[in-house]
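Remarks on the overall topology
Listed below, chain by chain, are the residues.
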Amino acid sequence: MALNRESRTMATAIVALLLILLLQKSVSSDILGDHRGSSVPDSDVDLLEFPLNLEFLEAEFFLFGALGYGLDKVAPNLTKGGPSPIGARKAELDALTRDVILQFGWQEVGHLRAIQNTVRGFPRPLLDLSPQSFAKVIDLAFGKKLSPPFDPYANGLNFLLASYLVPYVGLTGYVGTNPKLQGATSKRLVAGLLGVESGQDAVIRALLYEHALTKVQPYGITVSEFTNRISELRNQLGHAGLKDEGLVVPPVRGAEGRVSGNVLAGDRFSLAFARTPEEILRIVYGNGNERVAGGFYPKGANGRIARSHL
């Protein structure tokens, strides 16, 4: 009888231990955002995969800018065999800017992992991150060729201006995607991505806002004017009205119509603007047409949504 009681006690203890371990695994998975094995509705898959295009671009641009190398060295498995970027290089950054950009780079690696842990994903698209590619965008924004051509890798201020081109487009995409998602896992993932992308954009804008009246050399054009021109260009390319604002705006377009400083962009309620995948493609292709590859994606973006337009 004592043996049976002892056996029952041991069995109860083993069952209790197993339950504790299972509970800890569940809680840990939720905290760490491990979505593997979670069900994602078929309708969500394409919407979750599309942002990989911008996440690849940001990861490569930030990593190269800070380190002089990118995913092929730090996380080659995430590229899924896609081609190496064209023209990316290490930037001449001051210590603070390099620190911030390096943080961004590793954050983007995490974003790629998170998305690929949730959906299958696709190979890294061919990216053109050469100085010439950025110079074309800046020339288009000003409606003329700057001399010498704008070089994003020349110094910290130029790199921050070039960085102004990227995370904001991604965050508007996440804002636009969120209402279309059906699954809880999908919504949780996009909310997490949106939070950090918004933070990156805020940091970039804040660093630039501190120098809003500084003239970018050798052009004699202020940082504020650069951001305004870039934002106006993205509005034009997107063909969807006002969804982009520079660092200084007329007070009527500022928060509550009371300020001209615009360190964060938002609508009349100071809510983030939303963009569709098509609008994003028009912008990153640099030609206002989601059916014609170009700009940072010389062979087009990847994934079913992007490829369906080409």
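Whatever comes next refers back to the structure up there.
In what follows, the accompanying structure is described.

Calculation criteria
Residues numbered from 1 in each chain as written. Predicted model: local features only at pLDDT ≥ 70, side-chain atom pairs only at ≥ 80, totals over all residues. Heavy atoms only, no water. Helix = DSSP H or I, 4+ residues; strand = E, 2+ residues; numbered from the N terminus. Buried < 20%, exposed > 50% of the residue type's maximum accessible area, 1.4 Å probe, protein only. Areas by Shrake-Rupley, 256 points an atom, 1.4 Å probe, with all protein chains shown as cover. Axes fitted to C-alpha atoms, helices over the stretch in contact; angles between N-to-C directions. Parallel < 35°, antiparallel > 145°, perpendicular 65-115°, else oblique. Left-handed = near helix turned anticlockwise from the far one by under 90°. Contact = heavy atoms within 4.5 Å. Core = buried A, V, L, I, M, F, W, Y, C linked by side-chain atoms within 4.5 Å. 1 Å grid on protein atoms, 1.4 Å probe; cavity = no way out; pocket = protein on both sides within 12 Å on 5 of 7 lines; lining within 4 Å. Points joined across faces, edges and corners; volume = space filled by probe spheres on them. Nonpolar A, V, L, I, M, F, W, Y, C, P; charged D, E, K, R; others polar. Salt bridge = Lys/Arg side-chain N within 4 Å of Asp/Glu carboxyl O. Polar contact = N/O pair within 3.5 Å; in protein donor to acceptor, adjacent residues only side chain to side chain. Patch = residues over 30% accessible without salt bridge, like charges linked within 9 Å, V, L, I, M, F, W, Y side chains within 5 Å.

**Points about the overall build of the chain**
What the chain contains, in helices and strands, is 12 helices and 2 strands. Reading the chain from its N end, one meets helices and strands in the order α-α-α-α-α-α-α-α-α-β-β-α-α-α. A total of 310 residues make up the chain; the buried ones form 49% of that total. Entry remark: accessible area of the chain is about 14700 Å², with carbon and sulfur atoms responsible for 58%.

**Some words on the packing of helix α5 (residues 95–118) against helix α9 (residues 184–209)**
For the pair α5 and α9, the least separation of the axes is 11 Å and the interaxial angle reads 165°. For the element pair α5 / α9, the angle class is roughly antiparallel. For the pair α5 and α9, the crossing hand works out as left-handed. Every residue of α9 that contacts α5 at Val100, Phe104, Gln107, Glu108, His111, Ala114, Ile115 and Thr118 is listed here: Thr185, Leu189, Leu193, Val196, Glu197, Gln200, Val203 and Ile204.

**Some points on the nonpolar core**
Membership of the largest hydrophobic core comes to 75 residues, with the highest contact counts inside it found for Leu129, Phe226 and Tyr297. Among the elements that take part in this core, helix α3 (residues 52–67) stands out by supplying 11 residues, more than any other. Excluding anything up to four places from it in sequence, Tyr297 contacts Asn53, Leu54, Leu57, Pro125, Leu126, Leu127, Val284 and Tyr285. Membership of the second largest hydrophobic core comes to 5 residues, among which are Tyr168, Leu171, Val175 and Phe273.

**Remarks on the layout of surface pockets**
Roughly 290 Å³ of volume is contained in the largest pocket. Around the largest pocket, the lining is made up of 19 residues, and of these Val137, Ile283, Val284, Gly286 and Phe296 lie nearest the centre. Looking at the lining of the largest pocket, the elements with two or more residues in it are α3, α6 (131–142), α10 (223–238) and α11 (277–284). For the lining of the largest pocket, the element with the most residues is α6, which contributes 4 residues. Classifying every residue of the lining of the largest pocket gives 13 nonpolar, 3 polar and 3 charged. A volume near 160 Å³ is recorded for the second largest pocket. Around the second largest pocket, the lining residues are Asp94, Leu96, Thr97, Gly156, Leu157, Leu160, Leu207, Leu208, Glu210 and His211.

**A short note on the packing of helix α8 (residues 167–177) against α9**
Working note: a packed helix pair is described by the angle between its axes plus the distance between those axes. At their nearest, the axes of α8 and α9 sit 9 Å apart, and the two run at 150° to each other. Considered as vectors, α8 and α9 are oriented roughly antiparallel to each other. Here α8 runs over α9; the crossing is left-handed. Here α8 contributes Pro167, Tyr168, Leu171, Tyr174 and Val175 to the contact with α9, which in turn contributes Val190, Leu193, Leu194, Glu197, Ser198, Gln200, Asp201 and Ile204. Along the lines of polarity and charge, the residues of the contact of α8 with α9 split into 9 nonpolar, 2 polar and 2 charged.

**Some points on the pattern of salt bridges**
With the rule as written, the count across this model stands at 9 salt bridges. For Arg124, the salt bridge goes to Glu60, with nearest N and O atoms at 2.6 Å. One end of the pair, Arg124, is in the loop between α5 and α6; the other, Glu60, is in helix α3, with 64 residues separating them in the sequence. Each member of the pair, Arg124 as well as Glu60, is classed as buried. Arg234 serves as the salt-bridge partner of Asp244, at 2.7 Å between the closest nitrogen and oxygen.

**Examining helix α7 (residues 156–163)**
Count 3.6 residues to each turn of an α-helix, and residues three or four apart come out pointing the same way. In terms of burial, α7 is largely enclosed, as 7 of its 8 residues are buried. Those residues of α7 that sit buried are Gly156, Asn158, Phe159, Leu160, Leu161, Ala162 and Ser163. Structurally, the start of α7 carries an N-cap: the backbone nitrogen of Leu157 is 3.2 Å from a side-chain oxygen of Asn155.

**Examining a nonpolar patch on the surface**
Taken together, the side chains of Tyr209, Val248, Val263 and Leu264 define a hydrophobic patch exposed on the protein surface, amounting to about 320 Å² of accessible area. Locating Val248 in the fold gives a position in the loop between α10 and α11. The exposure class assigned to Val248 is partly exposed, which follows from its relative accessible area of 33%.

**Considerations on empty space enclosed by the protein**
Summed over the entire model, instances satisfying the criterion amount to 1 cavity of 30 Å³ or more. Estimates place the volume of the largest cavity at around 100 Å³. Broken down by secondary-structure element, the contributors of at least two residues to the lining of the largest cavity are α3, α8 and α11. When grouped by side-chain class, the residues that make up the lining of the largest cavity number 6 nonpolar, 4 polar and 4 charged.

**Some points on the side chain of Ser186**
Structurally, the position occupied by Ser186 is in helix α9. Relative accessible area serves as the criterion here: at 0%, Ser186 is assigned to the buried category. Apart from residues lying up to four places away in sequence, Ser186 is in contact with Val40, Pro41, Asp44, Leu48 and Leu181.

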